[in-house]
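Results of the structural survey
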Amino acid sequence: MAVKRKFISTRLLKEGMKLDQAIVDSTGRSLIEKGAYLDDFHIEYLQGKGIGGVYIQEGEPDADELEMQIPQFTKELIEKSRVNDPVKVQLTESVRKRVGEGIQFLYNNTDAENFSEATDNVANELMKTIVDNDAVAIDISMLKVSDEYTFKHSVDVATMAMIIGKKHGLSDKEIHDLGIAGLLHDVGKSKIPNEVLNKAGRLTDNEFALMKQHTLFGFEILKNRKEFPESIMLGVLQHHEKINGKGYPIGSSADKIHSYAKIISVADIYDALVTERPYKSGFPKGIAIEMIMAMTDELDFDALKSFLSSVILYSVDSIIQLSNGEKAKVVENNPENCLRPKVVGLSSGKLYDLANDITCASLIIQ
């Protein structure tokens, strides 16, 4: 959408509108900068000063238009400061198709004779994708393999868990088995009636109690087949256990929870937070990260730390909006704090090191 400049009466201003002019006093001092997003205080100030109207900006520039607006010195700073992201998992369309079909088969055919073989094949697809390009990071927005939540969620969780496991220094065999546990962590939901599983409203106490049994149902499915090692079965059984002992189905303490389950729990919660469901909207990725960082009493710290250093929220070269009203381009991610990358302001040509520069402490990415 092209940007348009529009003059509007201050009586009609609304919070969130973008100012397309600077508001200055009689000495030329800037009171409200051009590009600022108006809040109630700004609007009240403009009206109180008797300013009849101001120019606002409508629409957003497309990528080509935005690139043309960047001054040359800013482009040079961007190029000088730019550091490539760590290699991220890339699922090709053919891999997405095979993995999507494979996971749907598994959840719809838990009694199939070739169930374990099919599970192994799907895990091999994901393992090959990670190994072939030596991936060490993941962008959640790149993972979608199906429009059906259960299938998409299972693949997302498995892929994230495998990357976390790689950060943990697990062997290839352990990463592969962790992937299987991630793929099958919700397989017990195949035993939950669809009217409960896909209910748009709040579950009743009885329905929620039934839903919580999916971990036990999944464990029984794998146990009865006698083809899966205990580590995978525990990953499925315990992925809703919490290190403070307040999880389910047993309420196990931290030392009783298998490492696979601890890793899957982090990936499971994050993906559930950012994914839209019939009964809830997905949280923005940054908000979800802040929420999960606050769960240190529930989640294993090492698994959480490996997850946070693996997830790329704002890919290098992506355009973000700073809380000071300026658009900026991401030039380097911070493995210690995925919420605070280095960015270059497109209009100011200023390098903002959000993680390490104290003068940027009040700035956030909106």
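Right above here is the structure, for reference.
1. What about the sheet that holds strand 1 (residues 4–9)?
Reading across the sheet, the three strands line up as 1-5-2 and stay open at both edges, with antiparallel pairing between neighbours. Each having just a single partner strand, strand 1 and strand 2 (18–19) make up the two edges of the open sheet. Relative to strand 5 (residues 53–58), strand 2 is paired through two bridges, and the arrangement is antiparallel. Across the sheet, Lys 18 pairs through a bridge with Gln 57, a residue of strand 5.

2. Notes on the nonpolar core
In terms of nonpolar packing, the biggest core is built from 75 residues, with Leu 184, Leu 222, Tyr 270, Ile 292 and Phe 307 touching the most fellow members. Excluding its chain neighbours within four sequence positions, the residues that come into contact with Ile 292 are Val 266, Ile 269, Tyr 270, Leu 299, Leu 304 and Phe 307. Counting residues in each nonpolar core, the second largest holds eleven residues, with Leu 13, Ile 23, Leu 38 and Leu 46 among its members.

3. Focus: the sheet that holds strand 6 (residues 319–321)
Backbone-to-backbone hydrogen bonds pair the strands of a sheet. The strands run either parallel or antiparallel. Read from one edge of the open sheet, four strands run 6-7-8-9, paired in antiparallel fashion. Where the open sheet ends on each side, the last strands, each with one partner, are strand 6 and strand 9 (351–353). Across the sheet, the axes of successive neighbouring strands diverge by a mean angle of 40 degrees, strand direction being ignored. Examined bridge by bridge, strand 6 and strand 7 (residues 327–332) share three bridges and lie antiparallel to one another. Bridged to Gln 321 within strand 7 is Lys 327.

4. Observations concerning the packing of helix 12 (residues 259–274) against helix 14 (residues 301–308)
The N-to-C vectors of helix 12 and helix 14 enclose an angle of 50 degrees; their axes lie 8 Å apart at closest approach. Accordingly, the angle class assigned to the pair helix 12 and helix 14 is oblique. Crossing angle aside, the handedness with which helix 12 passes helix 14 is right-handed. Only Ala 303, Leu 304 and Phe 307 of helix 14 make contact with helix 12, whose side of the interface consists of Lys 262, Ile 263, Val 266 and Tyr 270. Its residues assigned to classes, the contact of helix 12 with helix 14 comprises six nonpolar, no polar and one charged.

5. Quick look at the pattern of salt bridges
Going through the model one piece at a time under the given rule, you end up with 17 salt bridges. A salt bridge links Glu 332 to Lys 342; the shortest N-O distance between them is 3.6 Å. In this pair, Glu 332 sits in strand 7 while Lys 342 sits in strand 8 (residues 342–345), placing the two residues ten residues apart along the sequence. Exposure remark for Glu 332: the relative accessible area of 24% places this residue in the partly exposed category. Linked through salt bridges whose partners overlap, the residues forming this network are Lys 152, Asp 156 and Asp 271.

6. Thoughts on the state of the cysteines
With the rule as written, the count across this model stands at zero disulfides. Among the cysteines around Cys 338, which has no disulfide bond, Cys 360 carries the closest sulfur, lying 17 Å off. Exposure remark for Cys 338: the relative accessible area of 6% places this residue in the buried category.

7. Things to note about the environment of Met 211
Mapped onto the elements of the fold, Met 211 is located in helix 9 (residues 205–212). With a relative accessible area of 12%, Met 211 lands in the buried category. Considering only alpha carbons, one finds Met 211 and Asn 324, 113 residues apart in sequence, at a separation of 44 Å.

Criteria and thresholds
Residues numbered from 1 in each chain as written. Predicted model: local features only at pLDDT ≥ 70, side-chain atom pairs only at ≥ 80, totals over all residues. Heavy atoms only, no water. Pairing = 2+ DSSP bridges. Helix = DSSP H or I, 4+ residues; strand = E, 2+ residues; numbered from the N terminus. Core = buried A, V, L, I, M, F, W, Y, C linked by side-chain atoms within 4.5 Å. Buried < 20%, exposed > 50% of the residue type's maximum accessible area, 1.4 Å probe, protein only. Contact = heavy atoms within 4.5 Å. Axes fitted to C-alpha atoms, helices over the stretch in contact; angles between N-to-C directions. Parallel < 35°, antiparallel > 145°, perpendicular 65-115°, else oblique. Left-handed = near helix turned anticlockwise from the far one by under 90°. Nonpolar A, V, L, I, M, F, W, Y, C, P; charged D, E, K, R; others polar. Salt bridge = Lys/Arg side-chain N within 4 Å of Asp/Glu carboxyl O. Disulfide = S-S within 2.5 Å.

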